[in-house]
Amino acid sequence: MTDGSRMANLSEVPADSTLLVTLREKRTDETLEAILTRLSDDTIVAFKNQCQHWTDVQLDRGSGAAIREGQVICRKHGATFQLESGDCDFGPCEGSTLVSIDTAVEEGEVRLTDTDYEFVDTGGVERDPDDLSSGGRIGFWAASESRLPR
Ligand code: FES
């Protein structure tokens, strides 16, 4: 039996997008968001919900992150991160790596096994819509979506 809190059923974690969850970092007692996605072999990977270019920019703003061909794409400036490793291989933060969070799948359930965090809930951290420090910078997604790498 795997230790760790149940975060979701495996079937709830998409392969073409992300499931947003809220965690609490034990060391600081602060809440943070994480994104979960499913790889082709049903492995689950999880990362902090932050780009490595501007760490206040969320990869998933509440409706799922953009995922294409095994990569998660930052909507702000188009950085791409390999899902298997979290490594950025294109964009302004090329060479950086997403902060990974340990998970395990057991009997169809996705569990948080990373001892640095506690599971709080599915969904994101509630924010003040006027707070521009939480990813609210003006983006260019709509204009640039068609130019993102395929
Ligand atoms: S904030 Fe993500 S690529 Fe710039």
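Residues numbered from 1 in each chain as written. Predicted model: local features only at pLDDT ≥ 70, side-chain atom pairs only at ≥ 80, totals over all residues. Heavy atoms only, no water.

(A) View of the overall build of the protein. The secondary structure content of the protein amounts to one helix and twelve strands. Along the protein, helices and strands appear, N-terminal first, in the series β-β-β-β-β-β-β-β-β-β-β-β-α. Considering the protein as a whole, with its 150 residues, one finds that 44% of them fall into the buried category. When the accessible area of the protein is evaluated, it comes to approximately 8000 Å², of which 42% is carbon and sulfur surface. (Helix = DSSP H or I, 4+ residues; strand = E, 2+ residues; numbered from the N terminus. Buried < 20%, exposed > 50% of the residue type's maximum accessible area, 1.4 Å probe, protein only. Areas by Shrake-Rupley, 256 points an atom, 1.4 Å probe, with all protein chains shown as cover.)

(B) Structural detail: the pairing of strand β3 (residues 30–38). Sheet topology places strand β2 (residues 19–25) next to β3; seven bridges connect them, and they run antiparallel. Within β3, the position partnered with glutamate 25 by the bridge is glutamate 30. In this structure, the hairpin formed by β2 and β3 is closed by a connection of four residues, where aspartate 29 is found at a positive phi of approximately 65 degrees. Note: β3 against strand β4 (residues 44–48), five bridges, orientation antiparallel. Counted as the bridge partner of isoleucine 35 is phenylalanine 47 from β4. Connecting β3 to the antiparallel partner β4 that follows it, the hairpin turn spans five residues, and aspartate 42 within it adopts a positive phi of roughly 70 degrees. (Pairing = 2+ DSSP bridges.)

(C) Local environment of the pattern of salt bridges. By the definition in use, this model includes seven salt bridges. Note that arginine 111 and glutamate 109 form a salt bridge whose closest N and O atoms lie 3.0 Å from each other. The network of salt bridges with common partners includes Arg6, Glu12, Glu109 and Arg111. (Salt bridge = Lys/Arg side-chain N within 4 Å of Asp/Glu carboxyl O.)

(D) Layout of the nonpolar core. Core analysis: the biggest nonpolar cluster contains 18 residues, and Cys51, Leu59, Val72, Cys74 and Phe81 have the highest contact counts within it. Core analysis: the second largest hydrophobic core is formed by 16 residues, Leu10, Ile44, Ala46 and Tyr117 among them. (Core = buried A, V, L, I, M, F, W, Y, C linked by side-chain atoms within 4.5 Å.)

(E) Spatial organisation of the sheet that holds strand β12 (residues 117–122). With respect to topology, five strands assemble into an open sheet ordered β9-β4-β3-β2-β12, the strand pairing being antiparallel. Whereas interior strands pair on both sides, the edge strands pair on one side only; in this sheet they are β9 (100–101) and β12. Note that β2 and β12 share five bridges and pair antiparallel. Bridged to arginine 24 within β12 is glutamate 118.

(F) Spatial organisation of the side chain of serine 96. Position of serine 96 relative to the elements: it lies in the loop between β8 (88–90) and β9. Looking at serine 96, its side chain comes within polar contact range of the main-chain oxygen of cysteine 93, at 2.6 Å. When neighbours within four sequence positions are excluded, serine 96 is seen to be in contact with Gln52, Phe81, Gly86, Asp87 and Cys88. (Polar contact = N/O pair within 3.5 Å; in protein donor to acceptor, adjacent residues only side chain to side chain. Contact = heavy atoms within 4.5 Å.)

(G) Examining the environment of isoleucine 35 more closely. Inspection of the secondary structure assignment puts isoleucine 35 in strand β3. Spatially, the C-alpha atom of isoleucine 35 lies 8.5 Å from that of glycine 64, the residues being 29 residues apart in sequence. Those residues within four positions of isoleucine 35 in sequence are excluded, and the remaining contacts are Thr18, Leu19, Leu20, Val45, Ala46, Phe47, Asn49, Leu59 and Asp60.

(H) Inspection of unusual backbone geometry at higher detail. You will see that glutamate 69, though not glycine, has its phi angle at about 50 degrees, which is positive. In this structure, glutamate 69 sits in the loop between β5 (66–68) and β6 (71–73). Even without glycine at this site, glutamate 107 takes up a positive phi of about 50 degrees. Here glutamate 107 lies in the loop between β10 (103–106) and β11 (109–112). With relative accessibility at 78%, the residue glutamate 107 sits in the exposed group.

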